[in-house]
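Architecture at a glance
Residues per chain, in single letters:
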Amino acid sequence: MTSTVGLPRSWRFSQERSLQIEAMDNPDLDPALREQALEGLGRLRRIFLRPGPLLRGIVRILPPPSNRTLRLVELGAGSRELSAWLTRALERTGRRVEMVATDRIAAPGVLAFDCTAASGWLDADMFFSNLLLHHLSVDEIRRSLRMQAQHARYGSVHLDVVRTGLSYYLSRLFLPLLRYPRIIQSDALLSIQAAFTIADLRGLADGVCGTCEVRRVLPFRQILICPPKDTLSRGR
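Description of the structure in this document. Everything numeric in this text was worked out from a predicted model, so none of it was measured. (Residues numbered from 1 in each chain as written. Predicted model: local features only at pLDDT ≥ 70, side-chain atom pairs only at ≥ 80, totals over all residues. Heavy atoms only, no water.)

In space, the 7 strands of this open sheet follow the order E3-E2-E1-E4-E5-E7-E6, with mixed pairing throughout. The open sheet has two edge strands with one neighbour each: strand E3 (111–112) and strand E6 (213–217). As paired strands, strand E1 (residues 69–75) and strand E2 (residues 96–103) are joined by 6 bridges and run parallel to one another. Across the sheet, the residue bridging to Thr69 is Arg96, located in E2. Running at roughly 15 degrees to strand E7 (residues 221–226), helix H2 (residues 52–61) makes contact with E1, strand E4 (126–130), strand E5 (156–161), E6 and E7 of the sheet. (Pairing = 2+ DSSP bridges. Helix = DSSP H or I, 4+ residues; strand = E, 2+ residues; numbered from the N terminus. Contact = heavy atoms within 4.5 Å. Axes fitted to C-alpha atoms, helices over the stretch in contact; angles between N-to-C directions.)

Counted at 1.5 Å a residue, the expected span for helix H5 (residues 165–177) with its 13 residues is 18 Å, and the 19 Å between its end C-alpha atoms agrees. A bend of about 25 degrees at Ser171 is the largest found in H5. Inspection of H5 places Ser167, Tyr168, Ser171 and Leu175 among the buried residues, and these make up the whole buried set. Residues of H5 that are buried sit in contact with helix H1 (31–47) and helix H6 (182–194). (Expected span 1.5 Å × (residues − 1). Bend = angle between axes of the 7 residues up to and from the residue. Buried < 20%, exposed > 50% of the residue type's maximum accessible area, 1.4 Å probe, protein only.)

Moving on to the packing of H5 against H6. In the contact formed by H5 and H6, the axes pass within 10 Å of each other and the chain directions differ by 175 degrees. In this view, H5 runs roughly antiparallel relative to H6, as classed from their interaxial angle. On H6, the residues that touch Ser167, Tyr168, Ser171, Arg172, Leu175 and Pro176 of H5 are Ile184, Gln185, Ala188, Leu189, Ile192 and Gln193. (Parallel < 35°, antiparallel > 145°, perpendicular 65-115°, else oblique.)

To continue, consider helix H7 (residues 198–205). Every α-helix winds through 3.6 residues per turn, so residues three or four apart in the chain are directed the same way. Residues of H7 that are buried: Ile198, Leu201, Leu204 and Ala205. On an axial view of H7, the arc spanned by its buried residues comes to 130 degrees, and they lie on one face. Just beyond H7, the residue with positive phi is Gly207, at close to 80 degrees. (Arc of directions from axis to C-beta.)

Quick look at the nonpolar core now. Membership of the largest hydrophobic core comes to 26 residues, with the highest contact counts inside it found for Leu75, Cys115, Trp121, Phe127, Ile141, Leu145 and Leu224. Secondary structure elements with two or more residues in this core: E1, helix H4 (138–151), H7 and E7. Each residue touching Leu224, except ones within four places of it in the same chain, is listed here: Leu133, Leu145, Ser156, Val157, His158, Leu201, Ala205, Cys212, Glu213 and Val214. (Core = buried A, V, L, I, M, F, W, Y, C linked by side-chain atoms within 4.5 Å.)

The geometry of an aromatic ring pair is captured by two quantities: the separation of the ring centres and the angle between the planes. Taken as a whole, this structure holds 4 aromatic pairs when the rule is applied. Residues Phe113 and Trp121 carry aromatic rings whose centres are separated by 5.0 Å and whose planes lie at 85 degrees to one another, so their mutual orientation is edge-to-face. No difference in accessibility class separates Phe113 from Trp121, as the two residues are buried. Where Trp121 meets Phe127, the ring centres are 5.2 Å apart and the plane angle is 80 degrees; that geometry is what we call edge-to-face. Phe127 carries the same exposure label as Trp121, and that label is buried. Among the aromatic residues, those joined into a cluster by ring pairs are Phe13, Tyr168 and Tyr169. (Phe/Tyr/Trp six-rings, centres within 6.5 Å; stacked < 30°, edge-to-face > 60°.)

Written out as structure tokens, the structure reads:
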């Protein structure tokens, strides 16, 4: 492992999507840098990328509270911070939750799982993710959504950034001023450039896993909600 991993920062936004390897996706990244990135990402989530819209989307398609324990699987967890927060928030709504955090790279409390694979899927009540979709290719997302539709009782919810020039240049300006780690400064710009527009994501999800909804969530985010195909037949 090495601490000299390149941290590219493009200084010009492109209207076209560009999927590049972010530093956090490098399996050889120095653990100290990974820890810096996780700390910085946690700070971003607490201040600028609060997961409230994700919680509301999940509650929207879950059944009413009951004695049944719901199994929710987080894809691309990174750490268990979001899973732990959602567990507490859902329990406050009266729901009993078993939370399973997964990612391509295992971590304490996080299972190793490739959500783009065509096998090895857990059966769950719901799959969800935050800031995952922009890491994947179009084919990978479509395959993953199909598998989620097959293995999730109540569907899936995914929150991600939107590709816009405004969010790109604001991130370029303010992340250094706010003294975020350089690895976050780098990956944030790459993330925005790799993200989808609202129209992109709607076209990508259309017909893949039933009737999906894509809508903007301010600031500079979008949410993909994929209820199961038989939602109406269950009277929900």
